[in-house]
Amino acid sequence: MSMRLAGKVAVVTGGARGIGRATAELFAEEGARVFAADLSLDAPFEHEGIEFVEHDVTQEASWDALVARVRQSAQRLDVLVNNAGIVDVDEPVDEIAIEDWDSVFAVNVRGVFLGCRAAVPLGRRCASASVIGCCCDGGCCCCCLGHEPAAAAAAATLRSAGNTTWKSTGSGSRPPSA
């Protein structure tokens, strides 16, 4: 590996499985110290540079605790990967339970907002901090699959939290593409 992330510190939400786990593993292979944040851990990580943190993206107190842990342990945050998400509500729109809709928005939109709000102040300490959002392009791919709540949440995230984050980071910022 090229060690492109040597000396960097990253938080990856949804980091215990799937794309989040693969991201955490790759970042660690590239030299980053990674805090993999998720509700639970199914299996240990292969790399020593990954620390699991039990975390609920929908809870402000959980974000405060996560960022405090990163601040105390690493004194910096170079990359926040907002990967945690729910896509599995696939009923026709007229059959979606309000609780399911709210659950998707709590994780996919509120979680991203809370993460950005909590992490951006620590990220400002780094000259080139990045916030990465993992969602489809404006919700189009989710909607085609019949996942209306996830599609709406993806569009909301791209248009609100993403733009707000980039305005908040200051130097070296670039707008989200979408």
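Structure shown above.
Since we're looking at a predicted model, the values are computed, not measured.

Student: When you look at the overall build of the protein in this model, what are you seeing that I'm missing?
Tutor: When its secondary structure is counted, the protein shows five helices and five strands. Ordered by position from N to C terminus, the α and β elements of the protein give β-α-β-β-α-β-α-β-α-α. Residues counted as buried form 45% of the 178 residues belonging to the protein. Looking at the protein alone, contacts between residues at least 24 apart form 61% of all its contacts between residues at least 6 apart.

Student: Sorry if this is basic, but what is going on with the nonpolar core here?
Tutor: Nonpolar side chains in soluble globular proteins tend to end up buried together. If you look at the biggest cluster of nonpolar residues, it comprises 26 residues, and the most contacted ones within it are V11, F35, W63, L66, V70 and L77. Listing elements by their share of this core, those giving two or more residues are β1 (9-13), β2 (33-38), α2 (60-74) and α3 (98-123). Counting residues per element, this core draws most heavily on α3, at eight residues. Residue contacts for F35: discarding those within four places in its chain leaves V9, A10, V11, V12, E51, V53, V70, S73 and A74. In this structure, A24, V34, A36 and V79 belong to the second largest nonpolar core, which totals 12 residues.

Student: Just to check I follow, could you spell out the sheet that holds β2 for this structure?
Tutor: Sheet strands line up and pair through hydrogen bonds in the backbone, either parallel or antiparallel. Pairing is parallel in the open sheet, where five strands are placed in the order β3-β2-β1-β4-β5. Where the open sheet ends on each side, the last strands, each with one partner, are β3 (50-54) and β5 (130-133). On average, adjacent strands in this sheet sit at an angle of 15 degrees to one another, irrespective of strand direction. Pairing of β1 with β2 involves five bridges; the strand directions are parallel. Bridge assignment links T13 to a residue of β2, and that residue is A37. The strands touched by α2 are β1, β2, β3 and β4 (79-82); relative to β2, the strand with the most contacts, the crossing angle is about 165 degrees. Each of β4 and β5 is contacted by α3, which is oriented at about 170 degrees to β4, the strand it contacts most.

Student: So what exactly am I meant to see when it comes to the pattern of salt bridges here?
Tutor: Side chains carrying opposite charge are able to pair once their charged atoms draw close together. Applying the stated criterion across every chain yields a total of eight salt bridges. With a closest N to O distance of 3.7 Å, R4 and E30 form a salt bridge. Here R4 is found in the segment before β1, whereas its partner E30 is found in the loop between α1 (18-29) and β2, with 26 residues between them in sequence. R21 serves as the salt-bridge partner of E25, at 4.0 Å between the closest nitrogen and oxygen. Here the residue E25 and the residue R21 both occupy positions in helix α1, the gap between them amounting to four residues, near one helical turn. When sorted by exposure, E25 lands in the same class as R21, which is buried. Through salt bridges with shared partners, one network takes in R17, D38 and D42.

Student: Explain the pairing of β2 to me, please; I cannot follow it from the model alone.
Tutor: It is a general feature of regular strands that their side chains alternate between the two faces of the sheet. Across the six residues of β2, five count as buried, placing the element largely inside the fold. Handedness of the crossover joining β1 and β2 through α1 is recorded here as right-handed. Sheet analysis places β2 next to β3, joined by five bridges and oriented parallel. Within the sheet, the bridge partner assigned to D38 lies in β3 and is E54.

Student: Explanation requested: unusual backbone geometry in the structure shown.
Tutor: The bulk of non-glycine residues show a negative phi, and the bulk of peptide bonds are trans. In the Ramachandran plot, M3 falls in the positive-phi region, its phi being about 60 degrees despite a non-glycine side chain. Along the chain, the position of M3 falls in the segment before β1. Judged by relative accessible area, which is 42%, M3 ranks as partly exposed. Phi at Q75 is positive, roughly 60 degrees, even though this residue is not glycine. Following the sequence through the fold, Q75 ends up in the loop between α2 and β4.

Criteria and thresholds
- Residues numbered from 1 in each chain as written.
- Predicted model: local features only at pLDDT ≥ 70, side-chain atom pairs only at ≥ 80, totals over all residues.
- Heavy atoms only, no water.
- Helix = DSSP H or I, 4+ residues; strand = E, 2+ residues; numbered from the N terminus.
- Buried < 20%, exposed > 50% of the residue type's maximum accessible area, 1.4 Å probe, protein only.
- Contact = heavy atoms within 4.5 Å.
- Core = buried A, V, L, I, M, F, W, Y, C linked by side-chain atoms within 4.5 Å.
- Pairing = 2+ DSSP bridges.
- Axes fitted to C-alpha atoms, helices over the stretch in contact; angles between N-to-C directions.
- Salt bridge = Lys/Arg side-chain N within 4 Å of Asp/Glu carboxyl O.
- Right-handed = clockwise from strand over helix to strand, strands pointing away.

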